[in-house]
Amino acid sequence: MGGLRLSAWAAAPSPSPSSAAARGFPRSPPDWRGSGRGRRSRCAPSSPPSASPALSLGAAGRLRVGADREWLWDCRGGGLGGGGGKKDYAKEMEAAVRVVQVACTLCQRVQDSLLLADPGSGSAGVHSKLDRSPVTVADWGVQATVSWLLSDCFGDESVSIVAEEDDKTLSSSDGTALLESVVSAVNGCLVEAPKYGLRSPEKDLGAHDVLQAIRKCSSTGGPKGRFWVLDPVDGTLGFVRGDQYAIALALIEDGEVVLGVLGCPNYPMKKEWLNYHQRYYRLMSKVAPPTSGSWNKGCVMYAHKGCGQAWMQPLVHDFGMLSWHNSREVQVSSVSDPVSATFCEPVEKANSSHSFTAGLAHSVGLRNQPLRVYSMVKYAAIARGDAEIFMKFARAGYKEKIWDHAAGVVIIQEAGGVVTDAGGCPLDFSRGVYLEGLDRGIIACSGALLHQRILQAVDASWNSSTL
């Protein structure tokens, strides 16, 4: 691959001695095989899987990422440059975190403009795709920005991207004004790229350049080769309502997710605020402003497969600079008693059956009210220990897309959690843009014991469900 072009660097923090493995959680789901619908799947064992043994601490590798700069990445188990025969993804990880930081800034600006827009001014920048799902300037703007920055970092010919949006609306005869807004948003962020340690274009991008960047994200994935997976704004409905959303970027090689980055601009650092609409948080912040320079909301989470660690750092947009010293390791919750556990599910009933998950929750002894959150912020909540379970059971005919899960799955796994389908099988990211072969639904848990109880409850109640 081409050399990574970065303009700034700061040393990464030294990790804490604790790890997911040391706490008895498997770093990734067991490779259980088989399938089944309405009966016990052969993928899952009859008893909870044993915890993976703790990995040994890999040597810290100082990895060159620029002509005269270096970035310290300390990865347990040799995931990056630490032995074990694994490939070196330090350049990709650093670039991905920086790029998602830029994308978060673009989204924050667009969301602020949407919330300040006159309610009587029509759609106020919100548009509908053919499937009637909402889309905004931020969706296209982030996709163009990420596409341009990744191509600049690694060379245009080396970058393949699977992403959600296309350029049909922007290229139509009615899309001229919308395209101008997207171009303006993109250039407004790219001009500040050096603040994030990335390069700016030599001159502003034109409409043609932005459309080309969006079109470049047309890979269809598959079992071979390397490609990035991007959801420019996951949870657009939450985004336009001023609530939670995420920017999700993952790298897949030969069908396996090797790293993931989640930007969660509205994620509150105090987990109790997740129960409130973000608009209420904004109002309370005006009544009682947070202390200047304090980290109150917003983060970028990231993880690399096999390291046994996941990290989060504050937003450059809020802190003014990117410093790896501000990163913190995140770990899943140690709660294993269902009575004390919290489960997440999608806000919209169209995306998952609330009645079925409510029945599951009751059958396994969950007593807390569900935490209904937009987007992959649900994955972030489990990785950070703010919730223990995420369940999603889509209605018949709905097919899950890889960009809605890739980044979140690897982050939970490396933070110590487990993610499988409802049959106990790992999610398969090697079969194109959809998660083909998915058994009933998706279950993510902070630990193996809770995960096993959910699997058993699904099997016991599935035949009586209407899904």
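Residues numbered from 1 in each chain as written. Predicted model: local features only at pLDDT ≥ 70, side-chain atom pairs only at ≥ 80, totals over all residues. Heavy atoms only, no water.

### A few points about the side chain of Arg 384
As a reminder, the rule being used: Only DSSP runs of H or I with at least four residues qualify as helices, and only runs of E with at least two residues qualify as strands; both kinds are numbered from the N terminus onward. By the criterion applied in these results, polar contacts are pairs of N or O atoms within 3.5 Å in which, for protein atoms, one can donate a hydrogen and the other can accept it, and in which residues neighboring in sequence qualify only through two side-chain atoms.
Turning to its location among the elements, Arg 384 is positioned in the loop between helix H10 (377–383) and strand S14 (389–392). Within the structure, the side chain of Arg 384 is placed 3.2 Å from the backbone oxygen of Pro 268, a separation counted as a polar contact. Side chain to side chain, Arg 384 and Asp 386 meet in a polar contact 2.6 Å long.

### Focus on helix H11 (residues 406–414)
Here is the rule: The buried label applies to any residue whose accessible area, calculated with a 1.4 Å probe on protein chains only, is under 20% of its type's maximum; exposed applies above 50%, and partly exposed to all values in between.
When you tally the buried positions in H11, you get 9 out of 9 residues, the bulk of the element. Taken together, the buried positions of H11 are Ala 406, Ala 407, Gly 408, Val 409, Val 410, Ile 411, Ile 412, Gln 413 and Glu 414. Among the residues trailing H11, Gly 416 stands out with phi positive, at a value near 110 degrees.

### Examining the sheet that holds strand S15 (residues 418–421)
Put simply, the test is: Here, strands pair whenever DSSP counts at least two bridges between them. Any two residues whose heavy atoms approach within 4.5 Å at even a single point are treated as in contact. Comment: axis = line fitted to C-alpha atoms, over the contacting stretch for helices; angle = value between 0 and 180 degrees taken between N-to-C directions.
Sheet architecture is open: 5 strands sit in the order S13-S12-S14-S16-S15, paired in mixed fashion. If you trace the sheet from one side to the other, it starts and ends with strand S13 (371–372) and S15, each paired once. Sitting on the sheet, helix H9 (residues 354–364) is in contact with strand S12 (343–345), S13 and S14, with an inclination near 170 degrees to S12. The strands that helix H12 (residues 448–461) touches are S14, S15 and strand S16 (442–445); relative to S16, the one it contacts most, it runs at about 155 degrees.

### Focus on the packing of aromatic side chains
A ring pair, where both rings are aromatic, is described by two values, the distance of the centres and the angle of the planes. Note the threshold: Centre distance within 6.5 Å is the pairing criterion for rings of Phe, Tyr and Trp, where only the six-membered ring of Trp is used; planes under 30 degrees apart are then read as stacked, over 60 as edge-to-face, and the remainder as tilted.
For the structure on display, the rule yields 7 aromatic pairs. When the ring of Phe 356 is compared with that of Trp 462, the centres are 5.3 Å apart and the planes differ by 85 degrees; the resulting orientation is edge-to-face. Taken together, the residues span a long stretch of sequence, with Phe 356 in helix H9 and Trp 462 in the segment after H12 at a distance of 106 residues. In terms of burial, Phe 356 and Trp 462 fall into one category: buried. Each residue in the set Phe 356, Phe 393 and Trp 462 is aromatic and connected to the rest through ring pairs, giving one cluster.

### Re the pattern of salt bridges
We apply this condition: Salt bridges are defined as contacts in which a side-chain nitrogen from Lys or Arg sits within 4 Å of a carboxyl oxygen from Asp or Glu.
One pass over the structure, following the stated rule, counts 15 salt bridges. Residues Lys 305 and Glu 256 are paired through a salt bridge, measuring 3.7 Å at the closest nitrogen-oxygen approach. With a gap of 49 residues between them, Lys 305 in the loop between strand S9 (297–304) and strand S10 (310–313) and Glu 256 in strand S8 (residues 256–268) connect regions that are remote in the sequence. The partly exposed category is assigned to Lys 305, whose relative accessible area is 23%. In this structure Glu 256 comes out as partly exposed when scored by relative accessible area, which is 39%. Members of the salt-bridge network, linked through shared partners, are Glu 92, Arg 226 and Glu 253.

### A word on the nonpolar core
Heads up, the rule is: The set of buried Ala, Val, Leu, Ile, Met, Phe, Trp, Tyr and Cys residues whose side-chain atoms join them within 4.5 Å is what this entry labels a nonpolar core.
Counting 66 residues, the largest nonpolar core has Leu 150, Trp 228, Phe 239 and Ile 247 as its most contacted members. For this core, the element with the highest residue contribution is helix H1 (residues 90–116), accounting for 13 residues. Non-local contacts of Phe 239, meaning those with residues more than four positions away in its chain, are made with Cys 107, Val 110, Gln 111, Leu 114, Thr 136, Ala 138, Val 233, Gln 244 and Tyr 245. In this structure, Tyr 267, Ala 415, Val 419 and Ile 442 belong to the second largest nonpolar core, which totals 46 residues.

### With respect to the packing of H1 against helix H2 (residues 137–154)
Threshold: If an angle is under 35 degrees, it is roughly parallel; if it is over 145, roughly antiparallel; if it lies from 65 to 115, roughly perpendicular; otherwise it is oblique. When the near helix sits turned anticlockwise from the far one by under a right angle, the crossing is termed left-handed; a clockwise turn instead gives a right-handed crossing.
With their axes 9 Å apart at the nearest point, H1 and H2 run at an angle of 155 degrees to one another. In this view, H1 runs roughly antiparallel relative to H2, as classed from their interaxial angle. Here H1 and H2 pass one another in a crossing that is right-handed. The segment H1 lies against H2, with Lys 91, Glu 92, Ala 95, Val 99, Val 102, Ala 103, Leu 106, Cys 107 and Val 110 engaging Val 137, Ala 138, Gly 141, Val 142, Thr 145, Val 146, Leu 149, Leu 150, Cys 153 and Phe 154.

### Observations regarding the sheet that holds strand S7 (residues 246–253)
With respect to topology, 7 strands assemble into an open sheet ordered S5-S6-S7-S8-S9-S10-S11, the strand pairing being mixed. Whereas interior strands pair on both sides, the edge strands pair on one side only; in this sheet they are strand S5 (161–163) and strand S11 (328–330). Strand-to-strand twist in this sheet, taken as the mean axis angle between neighbours without regard to direction, amounts to 20 degrees. In this structure, S8 lies alongside S9, joined through 7 bridges in antiparallel fashion. Within S9, the residue paired with Leu 262 across the bridge is Met 301. Against the sheet, H1 makes contact with strand S6 (226–234), S7, S8, S9 and S10, and its axis sits at roughly 30 degrees relative to S8, the strand it touches most. With respect to the sheet, H11 is in contact with S7, S8, S9 and S10, its orientation differing from that of S8 by roughly 95 degrees.

### Details of the UniProt feature "binding site: Mg(2+)" (unreviewed entry) in the protein
Defined as follows: UniProt positions are given in the numbering used here, feature names are shortened, and annotations may be inferred rather than shown by experiment.
Residues given the UniProt feature "binding site: Mg(2+)" (unreviewed entry) here are Glu 164, Asp 231, Asp 234 and Asp 404. Taken along the chain, the residues just named run across 241 residues; in space they keep tight, none of their C-alpha pairs more than 9.5 Å apart. The residue Asp 234 is located in strand S6 in this model. Setting aside chain neighbours within four positions, we find Asp 404 in contact with Asp 231, Asp 234, Met 376, Tyr 379 and Tyr 398.

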